[in-house]
Amino acid sequence: MNIAANPVVEADQTVYLKDYQKPSFLVDSIELDIQAFDDRTQVNAKLAMQRQAAGDLILLGRDLELKSIAVNGRVLSETEYSLDTEQLVIANAPDQAVIETQVIIHPESNTQLEGLYKASSDLFVTQNEPEGFRKITFYPDRPDVLSVFTTRVEADKKFPVLLANGNLIEAGEAGEGRHYTVWQDPTKKPSYLFACVIGDLAVMKDHYVTSEGRNVALEIYAEEKDIPKCRIAMDALKHSMQWDEEHYGRAYDLDNYMIVATSAFNMGAMENKGLNIFNTSCVLADEEYTTDAAIMRVQSVIAHEYFHNWTGNRITCRDWFQLCLKEGLTVFRDQSFSEDLQSAAVQRIDDVAVLKAHQFPEDSGPLSHPPRPDHFVEINNFYTATVYEKGAEINRMMSTLLGKEKFRLGTDEYFKRHDGQAVTVEDWVAALTAGSGVNLASFLIWYNQPGTPKLEAQGEYDAATQTYRLSFKQSLKAHPKYPNLKAVPIPVALALFNAETGEQLTLNAAALFENGVKDGVYLFDQDQAEIEFTGVTVKPVVSLLRNFSAPVNLDFNYSDDELAFLMQYETNGFNQWQAAQTLLDRILLNDHAAEIYIQAMKNTVPDLIQKDPLLASRIFDVPSEGYLGSRIDENYNPAEIQEKRNALLELLAREFGSFCKEAYLELDPDTQKEFSQAMGVRALKNIMLSMMARLGDTEAFDLAHQQYQLTGNMSERLGALRVLVWNDAPQAKETLADFYDRFKDEALSLDQWFMVQAAHPKATAATLAYLTAHADYDLGVPNRIRSVSGGLNANPVNTWSFGVQHFINLAKYLDEKNPIVGSRLLQALSRWYTLAEPQRSAVKAELEALKPQVKSKNVSETLNSMLNV
Ligand code: ARG
Ligand code: ZN
């Protein structure tokens, strides 16, 4: 054996936060000229650069064919600069340098969907965050370089739409059947916010007058047939504009706001200045073609991208380690917007469910990182649940602690101090502190360390002195890369209830809640602490972490009866739901008996269905097999979890018995005035149907079939289809075929057709082979891949058997073709190490075997971290 024969010396490609240095040159202005042809695109750029620190002039560039480069009007020879696969460096550049470059790029063969790429035969779009701009032209492509952009776009007239950021200042003929437009964006921006679009699209137009009196032209571009599906997005956009004026005092700053929809997009959407580019799945909404959940998502993503105009664009990030500065804050803002849109409690339930199902597992496994990481190999790998969702939770905690008014004073100060700047998380917390007058510095700890804190609490009632004592303890699992973990500030929102009457008590705790309050927030920021309530005349039931006031794992020894009590009497809808979830965790993970839960459901549901059908639909949530699996750290056996969960669902169905059919027949979404409650009714009806079907009630199949046929609403149609398909009803085949025929030309609806089949609990390798070999399956379209992979993932038993090969193959294939998506999909296997043997070793061997076969930084970094447990 020749050990020395294969000396693979991998350069360490890790980037560290501590190494941050200011750029040596800034760019005052850039003139871009983009000329698209069928077989290439020529990009000419003119950068007016100015030295601000010592050092070489560095232009980042990737996959660019350099035709020429000139400095201050003089063309450089090859000896006057150095060029490698990542950058072009000019040593000894003059302090004032006008750089002119000409490059050729190939959007027509760009499958990575990063930079400028052809999304379909008649559409070019861009995706430049975080580092895509360097695939368009040579540039100091980093967020702390802000410049004024003027963009000329030229193409054949078969592409009538030519867009870029800012105001249209010129348009005209370019000869040979070509035309051009020139756009100028008055606001300085980093290159990741640059966008351009060349295509054949239709448009929906509207307008909005801002609180400052600016009349803004609003435009949503999409395929002609999809224009009617843009109405909900357009209304959500106007609503967002108003919401940001009212809640944050922020008005829009340009005369136009454009949104372009494309079906080939790696992510949800992108906040490019004045020219958002959206995945069709996040902009098209229509009850005939998309589900209620998708409609809610469209509204929240429209708001999210709009809110970025102030939190992200006007104030941006100094470097990519600060990503959660803009994402965490913007997610918090879009969540608050959605709370106003539907019901605050249900929105919170849905957001926490996502946090617990994705962020908590991420943070307890090999991919765990702080919301602001201090190192990375590939920044694209850090658009994570931790950066986005945990980032949002940190902002929510600070806002909970400050209350509405002080939080607003803090954000006002942030906008006042930093408008037009590229800043850090420290700058944000400092501005909030200065504006509110409350020192929030300790919240920086949350940004800087990984892991979900465990919050242990104990309650003790002393009848003789009428006091109730609560003690708290916090701890974090050790992390090899982040020693020195510190206690974090944890706002604990709490209430006490009279255990006999269910009434909420007034809180009296000296020094904490001075004059007695009902809804209290206690800031626990030590390793341990104790608080004491006085004047408590009966033994209370405490409700902790109301509204999920902090992203922690709560450990409190409630009795099952106390949880059942909270399901019934807690007035915070979130904690009502949480009590049910805690009971279910105990039943499904710790073998508690189900009787108390069932009885509590029977006590709670009938009233709640009348009062708040939307919340009632969530009370029926049973944690997914995936979530339950993520709570198990070793010897995880997916089949065992599946069995227990099915048994519970069956018991619930049996216990609710004839109630299901009665409720099903009685519930009518048309009687609801509000969309959100109608949505709740539709969800409830589907739940009732699936409970009936679970017991093999053939009448359920007839009702489902009828519902499928008679409705024009996608949530109803899909809900019925699911019941038929997942229960192998006699009508399943025919109904699937019908769905295909109706929606074969509607990509988003067809995604659902793929998803339903992939998510069949009894799907097999053959099901998966059939779906991935289908003529409509397309590895070039991330949405389609995600519909099948996401469906498959709904059943961990399948993920961890034939699914393993599926994800490995995808990672291998996408490693070169689309590494951003490849890396993301591979993460489906990140908890392999928790599996019981022999599965654990089998999956590990597959992952090890993949290692030498992947090259991209994206997939390699993910795979290395996954194996490093
Ligand atoms: N900033 C975008 C958003 O949150 C997402 C961009 C994601 N890009 C990426 N390469 N991962 O709205
Ligand atoms: Zn965002």
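None of these values were measured; they are calculated from a predicted model. Residue positions are given per chain, counting from 1 as you read along its sequence in written order. Here the convention is simple: chains get letters from A, ligands get numbers from 1, in the order in which they are written. Owing to the predicted nature of the model, reporting of local features is limited to residues with pLDDT of at least 70; listing and counting of side-chain atom pairs is limited to 80 or more, with chain, interface and lining totals taken over all residues. The side-chain figures draw on all heavy atoms in the structure; neither hydrogens nor water molecules are used.

**Re the overall build of the chain**
Inference 1: A run of H or I in DSSP becomes a helix once it reaches four residues, and a run of E becomes a strand once it reaches two; helices and strands are each numbered from the N terminus. Across its full length, the chain holds 26 helices and 33 strands.
Inference 2: Relative to the globule expectation of 29 Å for 869 residues, the C-alpha radius of gyration of the chain, 28 Å, shows essentially globular dimensions.
Inference 3: Structurally, the chain occupies a C-alpha span of about 90 × 75 × 65 Å along its principal axes.
Inference 4: Summary of the burial criterion: residues with accessible area below 20% of their type's maximum are buried, those above 50% are exposed, and those between are partly exposed, where the area comes from a 1.4 Å probe applied to protein chains only. Expressed as a percentage of its 869 residues, the buried residues of the chain come to 59%.
Inference 5: A separation threshold of at least 6 residues defines the contact pool for the chain, and within that pool the share at least 24 residues apart is 70%.
Inference 6: For the chain, the exposed area adds up to about 34400 Å²; of that, 48% sits on carbon and sulfur atoms. What the globule rule says is 2.2 Å times the number of residues to the power 0.38, and the radius of gyration is computed from C-alpha atoms. By the convention used here, residues are in contact when the closest approach between their heavy atoms is within 4.5 Å. All accessibility values rest on the Shrake-Rupley procedure with a 1.4 Å probe; residue burial counts only the protein chains present in the view.

**Considerations on the site of ligand 1**
Inference 1: What surrounds ligand 1 is a group of 15 residues, the closest being Glu129, Glu271, Glu305, Asn380 and Tyr388.
Inference 2: Nitrogen and oxygen atoms within 3.5 Å of one another constitute a polar contact, given that in protein one can donate a hydrogen and the other can accept it, and given that sequence-neighbouring residues count only through two side-chain atoms. Between ligand 1 and His304 there is a distance of 3.4 Å, counted from an oxygen atom to a side-chain nitrogen or oxygen.
Inference 3: Contacts to ligand 1 include Asn380, whose side-chain N or O atom sits 2.6 Å from a nitrogen atom.
Inference 4: Mapped onto the shell around ligand 1, the elements with two or more residues apiece are β20 (269-270), α2 (292-307) and α3 (323-341).
Inference 5: A per-class count over the shell around ligand 1 returns 6 nonpolar, 4 polar and 5 charged. Any residue with at least one heavy atom within 4 Å of a molecule or strand is counted as near it. When residue character is reported, Ala, Val, Leu, Ile, Met, Phe, Trp, Tyr, Cys and Pro are called nonpolar, Asp, Glu, Lys and Arg charged, and the others, Gly included, polar.

**Considering the UniProt feature "domain: Peptidase M1 alanyl aminopeptidase C-terminal" (unreviewed entry) in the chain**
Inference 1: As recorded in UniProt, the feature "domain: Peptidase M1 alanyl aminopeptidase C-terminal" (unreviewed entry) lies at residues 560-867.
Inference 2: Along residues 560-867 the backbone is 74% helical and 0% strand, and the end-to-end C-alpha distance reaches 39 Å. UniProt positions are given in the numbering used here, feature names are shortened, and annotations may be inferred rather than shown by experiment.

**What about the sheet that holds strand β26 (residues 467-475)?**
Inference 1: Across the sheet, 4 strands lie side by side as β31-β26-β25-β33; this open sheet has mixed pairing. Pairing within the sheet leaves two strands with one partner each, and these edge strands are β31 (528-533) and β33 (553-556). Across the sheet, the mean angle separating the axes of adjacent strands is 20° when strand polarity is ignored. At least two bridges found by DSSP between two strands are what make those strands a pair. To get an axis, fit a line to the C-alpha atoms, keeping to the stretch in contact for a helix; angles then go from 0 to 180 degrees between the N-to-C directions.

**Quick notes on the UniProt feature "domain: Peptidase M1 membrane alanine aminopeptidase" (unreviewed entry) in the chain**
Inference 1: Cross-referencing UniProt, the feature "domain: Peptidase M1 membrane alanine aminopeptidase" (unreviewed entry) maps to residues 233-444 in the present numbering.
Inference 2: Along residues 233-444 the backbone is 56% helical and 9% strand, and the end-to-end C-alpha distance reaches 35 Å.

**A short note on the coordination of the zinc ion (ligand 2)**
By definition of the ideal shapes, four donors in a tetrahedron about a metal sit 109.5 degrees apart, and six donors in an octahedron sit 90 or 180 degrees apart.
Inference 1: Distances define the donors: N, O and S atoms within 2.8 Å of the metal qualify, as do those within 3.2 Å of Na, K or Ca. Water is excluded, so some sites may look unfinished. The zinc ion (ligand 2) binds to the protein through His304 (NE2), His308 (NE2), Glu327 (OE) and Glu327 (OE), with metal-donor distances spanning 1.9 to 2.7 Å.
Inference 2: Expressed as a motif, the donor residue spacing for the zinc ion (ligand 2) is H-x3-H-x18-E.
Inference 3: Given the relative accessible area of 7%, His304 is considered buried.

**Digging into a negative patch on the surface**
Inference 1: On the surface, Glu287, Glu288, Asp668 and Asp670 cluster together into a negatively charged patch.
Inference 2: You can see Asp668 is positioned in the loop between α14 (658-666) and α15 (675-694). Patch membership requires over 30% relative accessible area and the absence of a salt bridge. Like charges are linked within 9 Å, and nonpolar side chains (Val, Leu, Ile, Met, Phe, Trp, Tyr) within 5 Å. Salt bridge, as used here: a side-chain nitrogen of Lys or Arg that lies within 4 Å of a carboxyl oxygen of Asp or Glu. Charge assignment in this entry is limited to Lys and Arg as positive and Asp and Glu as negative, and neither His nor the chain termini are counted. We put the charge of a Lys on NZ, of an Arg on CZ, of an Asp on CG and of a Glu on CD.

**What to know about α14**
Two residues of an α-helix separated by three or four positions point the same way, owing to the 3.6 residues in each turn.
Inference 1: Residues of α14 that are buried: Cys660, Ala663 and Tyr664. One side of α14 holds all its buried residues, which, seen down the axis, span an arc of 105°. For α14, the exposed residues set more than 90 degrees away from the buried face come down to Ser658, Leu665 and Glu666.
Inference 2: Contact partners of the buried residues in α14: α13 (638-656), α15 and α16 (698-710). The arc refers to the directions leading from the helix axis to the C-beta atoms.

**Examining the pattern of salt bridges**
Inference 1: By the definition in use, this model includes 53 salt bridges.
Inference 2: For Lys205, the salt bridge identified is with Glu219, shortest N-O distance 3.7 Å. Separated by 14 residues along the polypeptide, Lys205 in strand β17 (residues 202-209) and Glu219 in strand β18 (residues 215-222) bring together distant segments of the chain.
Inference 3: What makes Lys205 exposed here is its relative accessible area of 59%.
Inference 4: Salt-bridge contacts for Glu413 lead to Arg417; the nearest nitrogen and oxygen are separated by 2.9 Å. In this pair, Glu413 and Arg417 both sit in helix α5 (residues 385-418), 4 residues apart, roughly one turn of the helix.
Inference 5: Through salt bridges with shared partners, one network takes in Asp33, Arg152, Glu154 and Arg178.

**Observations regarding the pairing of β18**
Along any regular strand the residues' side chains alternate between the sheet's two faces.
Inference 1: In terms of burial, β18 is a largely internal element, 6 of the 8 residues being buried.
Inference 2: Two elements, β17 and β18, share 8 bridges in a ladder whose sense is antiparallel. Bridge pairing in β18 links Met204 to Ile220.
Inference 3: Hairpin connection, β17 to β18: the antiparallel pair is bridged by 5 residues, and Gly213 has positive phi, about 90°.
Inference 4: Note on the crossover from β18 through helix α1 (residues 231-248) to strand β19 (residues 256-262): the handedness is left-handed. A crossover counts as right-handed when, viewed with the strands pointing away from the observer, the path leading from the first strand over the helix to the second turns clockwise.

**Considerations on the packing of α15 against helix α17 (residues 714-726)**
Inference 1: At a minimum axis separation of 10 Å, α15 and α17 run at an interaxial angle of 10°. For the element pair α15 / α17, the angle class is roughly parallel. Handedness of the α15/α17 crossing: right-handed. Note on element contacts: α17 touches α15 through Ser715, Glu716, Gly719, Ala720 and Val723, opposite Arg682, Asn686, Leu689, Ser690 and Ala693. Any angle between 65 and 115 degrees counts as roughly perpendicular, while under 35 counts as roughly parallel, over 145 as roughly antiparallel, and the rest as oblique. Two helices crossing with the near one rotated counterclockwise from the far one by less than a right angle form a left-handed crossing, whereas a clockwise rotation gives a right-handed crossing.

**Focus on the packing of aromatic side chains**
Inference 1: The aromatic pairing rule takes the rings of Phe, Tyr and Trp, using the six-membered ring of Trp, and pairs them if the centres are within 6.5 Å, calling planes under 30 degrees apart stacked, those over 60 edge-to-face and the rest tilted. Within the structure shown, the criterion is met by 43 aromatic pairs.
Inference 2: Ring plane angle 85° and centroid distance 6.5 Å describe the contact between Phe407 and Trp428, whose orientation is recorded as edge-to-face. Of this pair, Phe407 sits in helix α5 while Trp428 sits in helix α6 (residues 425-436); the two residues are 21 residues apart in sequence, bridging distant segments of the chain.
Inference 3: Trp428 gets classed as buried once you look at its relative accessible area, which sits at 1%.
Inference 4: Summarising the aromatic geometry, the rings of Tyr740 and Trp753 are spaced 5.1 Å apart at their centres and angled 55° between planes, so their arrangement reads as tilted. Of this pair, Tyr740 sits in helix α18 (residues 732-743) while Trp753 sits in helix α19 (residues 747-758), and the two are 13 residues apart along the sequence.
Inference 5: Residue Tyr740 is classed as partly exposed on the basis of its relative accessible area, which comes to 21%.
Inference 6: When its relative accessible area of 4% is taken as the criterion, Trp753 is described as buried.
Inference 7: If you follow Arg40 out to its NZ or CZ, it ends over the ring of Phe37, 4.4 Å from the centre.
Inference 8: When the ring centre of Tyr20 is taken as reference, the NZ or CZ atom of Arg318 above it lies at 3.7 Å. Think of it as a cone above the ring: NZ of Lys or CZ of Arg counts as a charge over the ring if it is within 6 Å of the ring centre and within 35 degrees of the ring normal.

**Considering α6**
Inference 1: Between its terminal C-alpha atoms α6 stretches 17 Å, which fits the 16 Å expected from 12 residues at 1.5 Å a residue.
Inference 2: Three or more residues of α6 are buried, namely Val425, Trp428, Val429, Ala431, Leu432, Gly435 and Ser436. Buried positions in α6, seen along its axis, are confined to an arc of 160° and lie on one side of it.
Inference 3: Packed against the buried residues of α6 are α3, α5 and α7 (444-448). Given a helix with a known number of residues, its expected span is that number minus one, times 1.5 Å.

**Regarding the side chain of Ser787**
Inference 1: Mapping Ser787 onto the fold places it in helix α21 (residues 782-793).
Inference 2: A polar contact of 2.8 Å, which involves the side chain of Ser787, links it to the backbone oxygen of Arg784.

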